[in-house]
Amino acid sequence: MNTYNRFPLRLERGSGCWVWDQDGRRFLDAVAGIATCCLGHSDRAMRRALSRQLGRLQHVSNLYNIPEQEELASWIVQHSCGDSVFFCNSGAEANEAAIKLARKHGHLRRGIERPVILTAAASFHGRTLAAVTATGQPKYHRGFEPVVDGFDYFPYNDLDAFQSLLEQHEANGPAVAAVLVEPLQGEGGVNPGDKTFFRELRRLCDAKGILLILDEVQVGMGRTGSWWGYQQLDIEPDAFSLAKGLGGGHAVGALVVRGDADVFEPGDHASTFGGNPFACRAGLTVAREIERRNLLRNVQERGTQLQEGLNLLVSHYPQLFLGVRGWGLLQGLVLRPDCGVTASDLAAAAIDHQLLLVAAGPNVLRMVPPLIISAREVRLLLKRLNAICRTTSPT
Ligand code: PLP
């Protein structure tokens, strides 16, 4: 169906941070399947582990216990603040699970008949009907009304506005089941969360028994240089959703829940494919390879290198850029709204320079390369970006 504006490329092969098109042209990939292929393309450990898994067992359903699923859940629980995990297949599905959990928690623990979930303006939580309603961007709702009941929105990182929205909803007693928010807004323009805002959010939620749920779909699994985005903010959520990097390019999503916030019982929620042996083997391989190859450290070092290089680029092209935002290997180059080119224009121009980039909104050019990227490849990325700026820069 006609649901995508695609770049005019047919990619057929990849290795590490590189992909080749059908004409044999080689591209440096700073998109990585939109922040998913953390081990790069055609990774040896991934190939081995998944081939072996295909030769053993691929899918049996959640009618049975699945050892790979138990192992991946244990790994997540041991490495996060969470205590239990529900597996699904995508970020939107993980957020759907979070929304259902929040509503049930609101009914049970706060006695709310019609619970409300507060989310941020400019957020992105996925495209299913509830996830897109949670997404605080009216352009994604248009044409699909009526959207789902029980959501309201506050400006991201704005404590006063959040507090007054909360007071408004809670004026006649408990009404808010949860706050669902990204630690760093990815699609909304690579906008990092503010520590003070998140600390206060945590305090306000604690005071009322409201769940604080973080959408870690884009930032989770090492992308920011720590396992989870919430570690950049020095808080712990009651639940968080995962997808993208968790499967390293395979369809795996998860909702991770802390302690007694887990109110689900058998029959409440399910997924046919969720947590299948193949998907969980992919997740386990990603987790183990990030640990074995000390990739969190690589993300920190390469992230700093990338950010410093991008800052230099901003100073060379002040007519194009306002600045750089991001954590680790999720960086956004912020364009001047009046510079005459959009982030999509630059991403399209990058193809001629054999570099893959993706926009995050109209004015932010996003860089999310594989977590394995080398210092030499970051230098090359910056060099190609510089060449793109030189050819597109208004005089
Ligand atoms: N949440 C966030 C923060 C995302 O960035 C995305 C996708 O970009 C989603 C949810 C939706 O994930 P999916 O496309 O796997 O449904």
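I will try to describe carefully the structure that is included in this document. From a predicted model like this one, the values you see are computed outputs, not experimental measurements.

**A closer look at unusual backbone geometry**
Cis geometry marks the peptide bond from Glu145 to Pro146; its omega dihedral reads 0 degrees. With respect to the helices and strands, Pro146 occurs in the loop between helix H6 (138-141) and strand S6 (151-154). Despite not being glycine, Ser61 shows a phi value in the positive range, around 90 degrees. Among the structural elements, Ser61 can be located in the loop between helix H2 (44-56) and helix H3 (67-78). Phi at Gln354 is positive, roughly 55 degrees, even though this residue is not glycine. Mapped onto the elements of the fold, Gln354 is located in the loop between helix H11 (343-352) and strand S15 (355-356).

**Points about the site of the ligand**
Neighbouring the ligand are 13 residues; Gly91, Ala92, Asp215, Gln218 and Lys244 lie closest to it. Here an oxygen atom of the ligand and a backbone polar atom of Ala92 are 2.8 Å apart. In isolation the ligand has 390 Å² of accessible area, and contact with the protein removes 81% of it. At three residues, the largest contribution of residues to the shell around the ligand is made by helix H4 (residues 91-110). Considered class by class, the residues forming the shell around the ligand number three nonpolar, six polar and four charged.

**Some details on the packing of aromatic side chains**
To describe a pair of aromatic rings, you give the distance between the ring centres and the angle between the ring planes. For the structure on display, the rule yields eleven aromatic pairs. When the ring of Trp227 is compared with that of Trp228, the centres are 6.3 Å apart and the planes differ by 35 degrees; the resulting orientation is tilted. Across this residue pair, the class does not change: Trp227 and Trp228 are buried. Members of the aromatic cluster, joined through ring pairs, are Trp75, Trp227, Trp228, Tyr230 and Phe240. Note that Arg13 overlies the ring of Trp20, its terminal NZ or CZ placed 4.1 Å from the centroid.

**A look at the pattern of salt bridges**
One pass over the full model with this rule turns up 19 salt bridges. The partner of Asp43 in a salt bridge is Arg293, with the nearest N and O atoms 3.0 Å apart. Of this pair, Asp43 sits in the loop between helix H1 (32-35) and H2 while Arg293 sits in the loop between helix H9 (277-292) and helix H10 (295-316), placing them 250 residues apart in sequence. For Asp43, a relative accessible area of 10% gives the class buried. Look at Arg293 and you get partly exposed, because its relative accessible area is 30%. A salt bridge links Glu289 to Arg292; its shortest N-O distance comes to 2.9 Å.

**Here we look at the packing of H3 against H9**
Two elements in contact, H3 and H9, have axes whose closest approach is 8 Å; the angle formed by their N-to-C orientations is 35 degrees. Considering how the two elements wind past one another, H3 and H9 form a crossing that is left-handed. When H3 is examined against H9, the residues Glu68, Gln69, Glu71, Leu72 and Trp75 are found in contact with a partner set consisting of Pro277, Cys280, Arg281, Gly283, Leu284, Ala287, Arg288 and Glu291.

**Let's talk about the side chain of Thr224**
In this fold, Thr224 is placed in the loop between strand S10 (211-215) and strand S11 (239-242). Owing to a relative accessible area of 5%, Thr224 belongs among the buried residues under this scheme. A distance of 3.3 Å separates polar atoms of two side chains, one belonging to Thr224 and the other to Ser226.

**Quick look at the pairing of strand S12 (residues 253-257)**
Burial analysis of S12 places five of its five residues in the buried class, which makes it a mostly covered element. Across the two faces of S12 the burial is the same, with Gly253, Leu255 and Val257 and Ala254 and Val256 all buried. One ladder, built from five bridges, connects strand S4 (residues 84-88) with S12; its direction is antiparallel. Bridging across to S12, Phe87 finds its partner in Ala254. Two strands pair when backbone bridges link them, and S11 and S12 are joined in this way by four bridges, in the antiparallel orientation. Bridging across to S12, Ala239 finds its partner in Val257.

**Comments concerning a positive patch on the surface**
Residues Arg44, Arg47, Arg48 and Arg52 make up a contiguous surface patch of positive charge. Tracing the backbone shows Arg52 in helix H2.

**Description of H3**
Under the 1.5 Å per step criterion, the end-to-end length of H3 is 16 Å for twelve residues, consistent within 8% with the ideal 16 Å. Among all positions of H3, only Glu68, Gln69, Leu72, Ala73, Trp75 and Ile76 are buried. Buried residues along H3 cover an arc of 160 degrees about the axis, so they all sit on one side. Exposed residues pointing more than 90 degrees away from the buried face of H3 are listed as Pro67 and Gln78. Contacts made by the buried residues of H3 are with H2, S4, S11, S12 and H9.

Analysis parameters
- Residues numbered from 1 in each chain as written.
- Predicted model: local features only at pLDDT ≥ 70, side-chain atom pairs only at ≥ 80, totals over all residues.
- Heavy atoms only, no water.
- Helix = DSSP H or I, 4+ residues; strand = E, 2+ residues; numbered from the N terminus.
- Near = heavy atom within 4 Å.
- Polar contact = N/O pair within 3.5 Å; in protein donor to acceptor, adjacent residues only side chain to side chain.
- Areas by Shrake-Rupley, 256 points an atom, 1.4 Å probe, with all protein chains shown as cover.
- Nonpolar A, V, L, I, M, F, W, Y, C, P; charged D, E, K, R; others polar.
- Phe/Tyr/Trp six-rings, centres within 6.5 Å; stacked < 30°, edge-to-face > 60°.
- Buried < 20%, exposed > 50% of the residue type's maximum accessible area, 1.4 Å probe, protein only.
- Lys NZ or Arg CZ within 6 Å of the ring centre and 35° of its normal.
- Salt bridge = Lys/Arg side-chain N within 4 Å of Asp/Glu carboxyl O.
- Axes fitted to C-alpha atoms, helices over the stretch in contact; angles between N-to-C directions.
- Left-handed = near helix turned anticlockwise from the far one by under 90°.
- Contact = heavy atoms within 4.5 Å.
- Pairing = 2+ DSSP bridges.
- Patch = residues over 30% accessible without salt bridge, like charges linked within 9 Å, V, L, I, M, F, W, Y side chains within 5 Å.
- Lys, Arg positive; Asp, Glu negative; His and termini not counted.
- Charge placed at Lys NZ, Arg CZ, Asp CG, Glu CD.
- Expected span 1.5 Å × (residues − 1).
- Arc of directions from axis to C-beta.

Remember, this is a structural readout, not a statement about activity or role.
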